[in-house]
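Residue-level structural notes
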Amino acid sequence: MDTVKSVVEEKPLVIFSKSSCCVSHSMKQLMSSYGANTTVYEIDEMPNGREIETALKRMGNKPTVPVVYIGQKCVGGANEVLSLQVQGKLVPMLIEAGAIWVWNKTSAGSL
């Protein structure tokens, strides 16, 4: 768990992903659509990827990817992120964490 905590420190938005996971890809695209400053860790391409995946499992993340951290806080996986989006809470969280700086509400209607 220390490995996970150390890689999310001081980063506004972190996604733990696997390069072949279509749900992970969707989360990365969603954050990109907001213009978010996202740090992505493809755990299947990292030397310590198994260690990180084990830590994510121990932290209760099932499935282990995608896992999204906003402002050093674990938000969860795709279901939790999409729930925040539907409730209108995702963008304010991203702004508060410093992951996005400018938000144009008129462009949000197309999302």
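Every chain begins its residue count from 1, and numbering advances along the sequence as written. Given that the model is predicted, a residue must reach a pLDDT of at least 70 before its local features are reported, and side-chain atom pairs must reach 80 or more before they are shown or counted; all residues, however, enter totals for whole chains, interfaces and linings. Side-chain measures were taken over the full set of non-hydrogen atoms in the model, leaving aside hydrogen atoms and water.

Stated precisely, the cut-off is as follows: UniProt positions are given in the numbering used here, feature names are shortened, and annotations may be inferred rather than shown by experiment.
The protein chain carries the name Glutaredoxin domain-containing protein in an unreviewed UniProt entry, which gives Saponaria officinalis as its organism. The record in UniProt for the protein chain states the following under Sequence similarities (unreviewed entry): "Belongs to the glutaredoxin family. CC-type subfamily." Listed under Subcellular location (unreviewed entry) in UniProt, the entry text for the protein chain is "Cytoplasm".

1. Points about the overall build of the protein chain
Counted only if it meets this: Every helix listed is a DSSP run of H or I at least four residues long, and every strand listed is a run of E at least two residues long, numbered separately from the N terminus. It is over C-alpha atoms that the radius of gyration is taken, and the globule rule equals 2.2 Å times the number of residues to the power 0.38. What makes two residues a contact is simply this: any of their non-hydrogen atoms within 4.5 Å. Note on areas: Shrake-Rupley, 1.4 Å probe, and residue coverage restricted to the protein chains presented here. We treat Lys and Arg as the positive residues and Asp and Glu as the negative residues; His and chain ends play no part in the count. The atoms used to mark charge sites are NZ of Lys, CZ of Arg, CG of Asp and CD of Glu.
When helices and strands are counted, the protein chain shows five helices and four strands. Seen in sequence order, the protein chain has helices and strands lined up from the N terminus as α-β-α-β-α-β-β-α-α. For a compact globule of 111 residues, the expected C-alpha radius of gyration is about 13 Å, and the protein chain comes in at 14 Å, within 12% of that figure. By principal-axis analysis of the C-alpha atoms, the protein chain measures approximately 40 × 25 × 20 Å. Restricting the contact set of the protein chain to residue pairs at least 6 apart, pairs at least 24 apart contribute 65%. As displayed, the protein chain has an accessible area near 6400 Å², and 50% of this comes from carbon and sulfur atoms. With 11 positive and 10 negative side-chain charges, the protein chain shows a spacing of 6 Å between the two charge centroids.

2. Section: the sheet that holds strand β3 (residues 67-70)
Inclusion rule: One requirement defines pairing of two strands: DSSP has to find at least two bridges between them. As a rule, the C-alpha atoms of each element are fitted with a line to give its axis, helices using only the stretch in contact, and angles between N-to-C directions run from 0 to 180 degrees.
What the four strands build is an open sheet, ordered β2-β1-β3-β4; its pairing is mixed. Where the open sheet ends on each side, the last strands, each with one partner, are β2 (39-42) and β4 (73-76). Neighbouring strand axes in the sheet, compared pairwise and without regard to direction, differ in orientation by 25° on average. By the bridge criterion, three bridges tie β3 to β4 in an arrangement that is antiparallel. For Ile-70, the partnering residue across the bridge sits in β4 and is Lys-73. Contacting β1 (13-17), β2 and β3, helix α2 (residues 22-33) crosses the sheet at an angle of about 160° to β1.

3. Section: the pattern of salt bridges
We apply this condition: The working definition used for a salt bridge is a side-chain nitrogen of Lys or Arg within 4 Å of a carboxyl oxygen of Asp or Glu. Exposure classes here rest on a 1.4 Å probe applied to the protein chains alone. A residue is buried below 20% of its type maximum, exposed above 50%, and partly exposed in between.
Summed over the entire model, instances satisfying the criterion amount to two salt bridges. Of the charged contacts in the structure, one is a salt bridge between Lys-18 and Glu-53, with a shortest N-O distance of 2.9 Å. Of this pair, Lys-18 sits in the loop between β1 and α2 while Glu-53 sits in helix α3 (residues 49-58), placing them 35 residues apart in sequence. Two residues, Lys-28 and Glu-42, come together in a salt bridge whose shortest N-O distance is 2.6 Å. Highlighted residues: Lys-28 in helix α2 and Glu-42 in strand β2, separated in sequence by 14 residues. Judged by relative accessible area, Glu-42 falls into the buried class, the value being 16%.

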